[in-house]
Every structure is written in structure tokens, then in C-alpha cells.
Amino acid sequence: MHNFKFNSARALARITVLLENLLAWCVLITLLIYGANLLYKYITHPALLWSDEGLRSLLADALLVAMGAEFVRTFLQHTPQTIIEILSFAIARHIVLDPGNMLEVLAGSGAVFILMLGYFFINRQRAVQQAAATGPAAMPSAEL
């Protein structure tokens with residue numbers, strides 16, 4: 001019975017990895033097609049960029065492409081940094097597309113600030129752990 005549980009857990013883990021890779025490829029292919037359509041749109045109609053609405057649309061599209069790339073990274077690397085980056089791009093895209101009133105902009109900016117603090121502390125913790133593993137002389141003081 002124990003051997004069956006072990007084998008089924010390994011099989012499920014392999015299937016999960018395969019599904020994540022398949023999803024990553026699907027998102028990447030969709031992202032490439034969407035990016036090609038965007039390039040065609042803005043190259044064939046450069047006048048779209050001359051208005052405030054066109055620039056806002058370009059920024060929203062660029063942030064959407066960045067979010068898609070971060071999703072692909074998230075499927076391949078399961079780290080808190082990639083999740084923080086996706087959330088940052090999503091909040092920034094929301095602020096660009098629909099800023100609402102000043103309180104919403106301030107709340108979105110505060111959320112991005114809090115996410116960046118989390119990103120800083122995660123990287124700081126990793127740097128401290130690496131310094132402890134390799135010795136304090138190997139760690140530059142600027143990263144502590």
C-alpha cells in the first residue's frame with residue numbers, strides 16, 4: 001500500500017509539471033501572437049500614439065505583455081518574487097487603465113510600495129542566508 005501511494009504521488013507530480021509546462025507554452029504562444037498583433041497595430045497606425053488615449057492604450061498593452069511573460073516565469077519558477085512582480089504589474093495596469101479618483105491611485109501606489117518592500121525583504125533574507133552559508137567575507141556590505 002505504501003509503495004502505491006509513493007508511485008501515485010510521483011505520477012501526480014510528473015503530471016502536474018507537464019500540465020504547468022503545457023500551460024506555460026500556451027501562454028507564451030498566445031503572448032507572441034498578441035505581441036505581433038500589437039506591433040502590427042502600432043506600426044501601421046502610428047497616429048494612435050499621438051493622443052492621450054492611444055498612449056494609455058500602449059501602456060496598458062505593454063503591461064499586459066509583461067504580465068503574460070511573468071505568468072510564464074511563474075509556471076516555470078515557483079518563487080515569491082515572480083508572484084510579487086505579477087501583482088505589481090497588475091496593479092500598475094489597473095492604475096493606468098482606470099485611475100479612478102485620487103484615493104484609488106494612492107491606494108494602488110501604496111499597494112505597489114508594500115509589494116516592493118516584500119520583494120526587498122525576500123531578497124535580503126536570501127542574501128543573508130547565502131552569506132551565512134559562504135561566510136560573511138563573501139557578502140558585499142551593500143546587499144545587507
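Keep in mind the model is a prediction, meaning the values are calculated, not measured. (Residues numbered from 1 in each chain as written. Predicted model: local features only at pLDDT ≥ 70, side-chain atom pairs only at ≥ 80, totals over all residues. Heavy atoms only, no water.)

Undergrad: Hey, could you run me through the packing of helix 3 (residues 80–97) against helix 4 (residues 102–134) in this one?
TA: One can describe the packing of helix 3 onto helix 4 by two numbers: an axis separation of 10 Å at closest approach and a directional angle of 165 degrees. The orientation of helix 3 relative to helix 4 falls into the category roughly antiparallel. Of the two possible hands of crossing, helix 3 and helix 4 adopt the one that is left-handed. On helix 4, the residues touching Pro-80, Gln-81, Ile-84, Glu-85, Leu-87, Ser-88, Ile-91 and Ile-95 of helix 3 are Val-105, Gly-108, Ser-109, Ala-111, Val-112, Leu-115, Met-116, Gly-118, Tyr-119, Ile-122, Asn-123 and Arg-126. Of the residues belonging to the contact of helix 3 with helix 4, the class tally is 12 nonpolar, six polar and two charged. (Axes fitted to C-alpha atoms, helices over the stretch in contact; angles between N-to-C directions. Helix = DSSP H or I, 4+ residues; strand = E, 2+ residues; numbered from the N terminus. Parallel < 35°, antiparallel > 145°, perpendicular 65-115°, else oblique. Left-handed = near helix turned anticlockwise from the far one by under 90°. Contact = heavy atoms within 4.5 Å. Nonpolar A, V, L, I, M, F, W, Y, C, P; charged D, E, K, R; others polar.)

Undergrad: How should the environment of Val-65 be read in this particular structure?
TA: Its location among the elements puts Val-65 in helix 2 (residues 52–76). With 34 residues separating them in the primary sequence, Val-65 and Leu-31 have C-alpha atoms 6.6 Å apart. Sequence-distant contacts of Val-65, that is, excluding residues within four places in its chain, are made with Leu-31, Tyr-34 and Leu-38.

Undergrad: Explain the side chain of Thr-74 here, please?
TA: When you line up the elements, Thr-74 lands in helix 2. Judged by its relative accessible area of 16%, Thr-74 falls in the buried class. Residues in contact with Thr-74, not counting those within four places in the same chain, are Thr-82, Ile-83 and Ile-86. (Buried < 20%, exposed > 50% of the residue type's maximum accessible area, 1.4 Å probe, protein only.)

Undergrad: I would appreciate a short explanation of the pattern of salt bridges in the present structure.
TA: Two side chains carrying opposite charge are able to pair once their charged atoms lie near each other. By the definition in use, this model includes three salt bridges. Close ionic contact of Lys-41 with Asp-61 constitutes a salt bridge, the shortest N to O distance being 3.8 Å. With Lys-41 in helix 1 (residues 2–44) and Asp-61 in helix 2, this residue pair connects regions lying 20 residues apart in the sequence. Residue class for Asp-61 comes out buried when judged on its relative accessible area of 9%. (Salt bridge = Lys/Arg side-chain N within 4 Å of Asp/Glu carboxyl O.)

Undergrad: Would you take a moment to explain the side chain of Ser-88 for this structure?
TA: One can find Ser-88 in helix 3. On the accessibility criterion, Ser-88 (11% relative accessible area) is buried. Setting aside chain neighbours within four positions, we find Ser-88 in contact with Val-112, Leu-115 and Met-116.

Undergrad: What's the story with helix 2 in this structure? I'm lost.
TA: An α-helix turns once every 3.6 residues. As a result, residues three or four positions apart point the same way. For helix 2, spanning 25 residues, the distance from its first C-alpha to its last is 37 Å, which sits close to the expected 36 Å at 1.5 Å a residue. For helix 2, the set of buried residues is Gly-54, Ala-60, Asp-61, Leu-63, Met-67, Gly-68, Glu-70, Val-72 and Thr-74. (Expected span 1.5 Å × (residues − 1).)

These values are about where atoms sit, not about what they do.
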